[in-house]
Amino acid sequence: MDAGKKDRKPILLSGIQPSGHLALGNYVGAMRNWVNLQEDYLGIFIVVDLHAITVRQKPADLRNRCLSFAAQYLAAGIDPEENVIFIQSHVPQHAELSWVLNCYTYMGELNRMTQFKDKSKRHDDNINAGLYSYPALMAADILLYQTDLVPVGADQKQHLELTRDIANRFNNTYSPTFKVPEPFIPKAGARIMSLQDADKKMSKSDDNENNYISLLDPPDVLRRKIKRAVTDSAREITPDSVNSSGIGNLLTIYSVLNDSTPESVAQKFEGQMYSNFKGELADSLVAFLEPFQDKYHKIMSDKTYLTGILDEGAERAKYMASRTLSKVHRKIGLVAPGRK
Ligand code: ATP
Ligand code: LTN
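So, a few notes on the structure that sits alongside this text. All residue numbers here refer to positions counted from 1 along the written sequence of the relevant chain. Chains and ligands are labelled sequentially in the order written, the chains with letters from A and the ligands with numbers from 1. Whole-chain, interface and lining totals are the exception, using all residues; otherwise, since this is a predicted model, local features are given only for residues with pLDDT of at least 70 and side-chain atom pairs are given and counted only at 80 or more. Think of the side-chain values as coming from all heavy atoms in the structure, minus any hydrogens and water.

1. Here we look at the site of ligand 1
Basically, it comes down to this: We call a residue near a molecule or strand as soon as one heavy atom of that residue lies within 4 Å of the molecule or strand. By the criterion applied in these results, polar contacts are pairs of N or O atoms within 3.5 Å in which, for protein atoms, one can donate a hydrogen and the other can accept it, and in which residues neighboring in sequence qualify only through two side-chain atoms. Here the open area of atoms and residues is found with the Shrake-Rupley method and a 1.4 Å probe, where only the protein chains shown may cover a residue. The helix count covers DSSP runs of H or I at least four residues long, the strand count covers runs of E at least two residues long, and both are numbered beginning at the N terminus. Gly falls in the polar group here, along with every residue not listed as nonpolar (Ala, Val, Leu, Ile, Met, Phe, Trp, Tyr, Cys, Pro) or charged (Asp, Glu, Lys, Arg).
Residues in close proximity to ligand 1 total 22 residues, the closest being Ser-19, Asp-155, Lys-201, Ser-203 and Ser-205. One of the side-chain nitrogen or oxygen atoms of Asp-155 is found 2.4 Å away from an oxygen atom of ligand 1. For ligand 1, whose unbound accessible area comes to 610 Å², protein coverage reaches 97%. Counting residues per element, the ones that place at least two in the shell around ligand 1 are α2 (24–37) and α7 (114–122). Among the elements that make up the shell around ligand 1, the one with the highest residue count is α2 (four residues). Its residues assigned to classes, the shell around ligand 1 shows six nonpolar, ten polar and six charged.

2. A word on helix α11 (residues 245–257)
Applied cut-off: Residue count minus one, scaled by 1.5 Å, sets the expected span of a helix. Think of it in three bands: with a 1.4 Å probe and only protein chains considered, a residue is buried below 20% of the maximum accessible area for its type, exposed above 50%, and partly exposed in between. What makes two residues a contact is simply this: any of their non-hydrogen atoms within 4.5 Å.
With 13 residues, α11 extends 19 Å from end C-alpha to end C-alpha; this agrees with the ideal 18 Å at 1.5 Å per step. Of all the 13 residues making up α11, twelve are buried; the element is thus mostly covered by neighbouring parts of the structure. By the burial criterion, the buried members of α11 are Gly-246, Ile-247, Gly-248, Asn-249, Leu-250, Leu-251, Thr-252, Ile-253, Tyr-254, Ser-255, Val-256 and Leu-257. Buried residues in α11 make contact with α2, α12 (262–268) and α13 (274–300).

3. A closer look at the site of ligand 2
Surveying the vicinity of ligand 2 reveals 14 residues, the closest of which are Gln-17, Tyr-134, Met-138, Asp-141 and Gln-156. Within the side chain of Tyr-134, a nitrogen or oxygen atom sits 2.4 Å from an oxygen atom of ligand 2. The contact in question runs from a nitrogen atom of ligand 2 to an N or O atom on the side chain of Asp-141, over 2.7 Å. Sorting the residues of the shell around ligand 2 by element identifies β1 (11–16) and α8 (129–143) as the ones contributing at least two each. Sort the elements by how many residues they give to the shell around ligand 2 and α8 lands first, with four residues. Residue composition of the shell around ligand 2, grouped by class: seven nonpolar, six polar and one charged.

Spelled out as structure tokens, the structure:
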């Protein structure tokens, strides 16, 4: 497809922080929908490394993870010929617009963000200004590209609403500048829960590896983690199991892997022991992740191919982003460089 035609598709944009290990929650809540929606949109998929440094990262790990996450985007089925994939820090316009948007974001709004409150608790020795103003950077990621749709998990709904408020505020203060984006939050799987604590969400940088399924876990680890996942004091699946946090979460995971709904999975396994269902779930997971992992290892063994895609993605993104950024600078009264 020629570049002109590609540019006419509506824009879909999303990003994941290169922290921890890409987890099943990230796949189900976000990446799966990137893959499913890519035909009808021009997809912009970002490895958001500037977001990841809001908590301390080991430099060598961060460096490796950026490439590894990009390879996992591709292994999940993102077509690099038809989409734009890049590392956030390669496109300086993100940091530039985020400064401007910080000046259009109120502290009262940032004070309400639950991710900030959660992460402040988890990293109470490093509650830095970046962690606090992070939603302005996320808004910049999205608004730079005149994005139509943002597929994310339920935990990002609040940041998306703030992005829309910032866009409207700017548009109303000056004149229409930013497209106001819509969220895409899936009906099932928008919040996959931790395997050991079904009251908290599965998080890829959880200190306890048993809380999450890494997309790169080998089969024996996958089986062990599912076997140990918490359920409840009952032993058999019933239609009501979908409402029980632990077993309900496992039913949701099974339903996503098998293109079904949690309700029909509960029906299919009605009367069966939890242990039997867990065995079937582990089989599904292994069958799903094996081809993903093969593809991932192939991509990682050809770094020239991978960095080529990321370089090309960054070039294309810079071009798109600079158009919005210069418009913003002009509207707020910054003098264009070189102007007499
Ligand atoms: P971390 O633990 O490193 O902060 P995270 O697992 O919360 O990370 P993010 O990088 O914050 O992951 O999120 C990437 C995408 O995955 C977002 O769209 C987010 O909504 C989605 N996501 C994260 N966790 C889950 C989950 N448990 N269920 C569904 N979607 C999720
Ligand atoms: N804030 C998100 C990650 C993120 C994002 C984005 C998601 C950064 N920029 C742009 C969608 C669109 C998170 O913590 N999960």
